[in-house]
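Coordinate analysis (summary)
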Amino acid sequence: YTIKSTNAVGTTDYINFLVGNNGATEAMRIINSGFIGIGTSTPEMELEILRDGDAVAQMLTNYGGTVGSSYMARRALGTKAIPSAVVSGSQLIIVGARGYGSTGFSSGTRARIVMTSSETWTDAAQGAELRFYTTQNGSTTITEQMRINNDGNVGIGASTTISARLHVISTTEQLRVGYNSTN
């Protein structure tokens, strides 16, 4: 393998990792911002993995033990040197998706799940909730569709006041419940 850095000083500095026959293929690049690109020489975030063809996949493998593999995000306000508690409404992690339209990728996520703090956190109180967003066909506007509050109440179409275990608000049919004796 070969590790190279550009000779020039300035905004175009990078380190690339070359593999293959005499280092003919770039496998990874770290640009001057610290962003890492795998399969791309121009990463747009801290880590960008690009693959031409089948889906990009990440794998976590766990053998033995009592706890499975996990994907964890941590959030604090303040700075690394002086962190402070998250407050009510702080987004803890966002899992979102963007698609390619006629001329480019969408400017924002069009479907996402957001995990949010529901109170200012202390070491003894750390309430959280889940919010689910989608974009209707023929639109580019993402809208919260469902929320699971810190108390387990579920709101569909109700994002602020969820006053029952299941709270449904709609301008059309409110709720349909069916029964099938064979299931």
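In what follows, the accompanying structure is described. (Residues numbered from 1 in each chain as written. Predicted model: local features only at pLDDT ≥ 70, side-chain atom pairs only at ≥ 80, totals over all residues. Heavy atoms only, no water.)

Thoughts on the pairing of strand S3 (residues 25-31)
Relative to S3, strand S2 (residues 14-19) runs antiparallel, the two being bridged by six bridges. By the bridge assignment for S3, Phe17 is matched with Met28. Once S2 ends, the chain turns through five residues before running back antiparallel as S3, passing Gly20 with a positive phi of about 90°. Between S3 and strand S4 (residues 36-38), which pair antiparallel and follow one another directly, the connecting turn spans four residues, one of which, Gly34, has a positive phi of 95°. (Pairing = 2+ DSSP bridges. Helix = DSSP H or I, 4+ residues; strand = E, 2+ residues; numbered from the N terminus.)

Comments concerning the packing of aromatic side chains
Overall, the coordinates contain one aromatic pair when judged by the stated rule. With 5.1 Å between their ring centres and 85° between their planes, Tyr100 and Phe105 make a pair best called edge-to-face. Summarising the burial analysis for this pair, Tyr100 and Phe105 share the class exposed. Its guanidinium or amino end placed over the ring of Tyr14, Arg29 lies 3.7 Å from that ring's centre, counting from NZ or CZ. The ring of Tyr133 is capped by Arg112, whose NZ or CZ atom sits 4.7 Å from the centre of that ring. (Phe/Tyr/Trp six-rings, centres within 6.5 Å; stacked < 30°, edge-to-face > 60°. Buried < 20%, exposed > 50% of the residue type's maximum accessible area, 1.4 Å probe, protein only. Lys NZ or Arg CZ within 6 Å of the ring centre and 35° of its normal.)

Considerations on the sheet that holds strand S9 (residues 111-117)
Sheet architecture is open: six strands sit in the order S8-S9-S10-S11-S12-S13, paired in mixed fashion. Strands at the two margins of the open sheet, each flanked by one partner only, are strand S8 (91-97) and strand S13 (166-168). Mean inter-strand twist for the sheet, computed between neighbouring axes without regard to direction, equals 20°. The sheet contact formed by S9 and strand S10 (residues 128-135) spans six bridges and is antiparallel. If you follow Arg112 over to S10, its bridge partner there is Tyr133. (Axes fitted to C-alpha atoms, helices over the stretch in contact; angles between N-to-C directions.)

Comments concerning a nonpolar patch on the surface
A grouping of Ile38, Leu47, Ile49 and Val56 is seen on the molecular surface, where their side chains present a nonpolar patch of about 300 Å² in accessible area. Relative to the elements of secondary structure, Leu47 occurs in strand S5 (residues 47-49). (Patch = residues over 30% accessible without salt bridge, like charges linked within 9 Å, V, L, I, M, F, W, Y side chains within 5 Å. Areas by Shrake-Rupley, 256 points an atom, 1.4 Å probe, with all protein chains shown as cover. Salt bridge = Lys/Arg side-chain N within 4 Å of Asp/Glu carboxyl O.)

A look at the side chain of Arg29
Looking at the secondary structure, you find Arg29 in strand S3. The exposure class assigned to Arg29 is buried, which follows from its relative accessible area of 14%.

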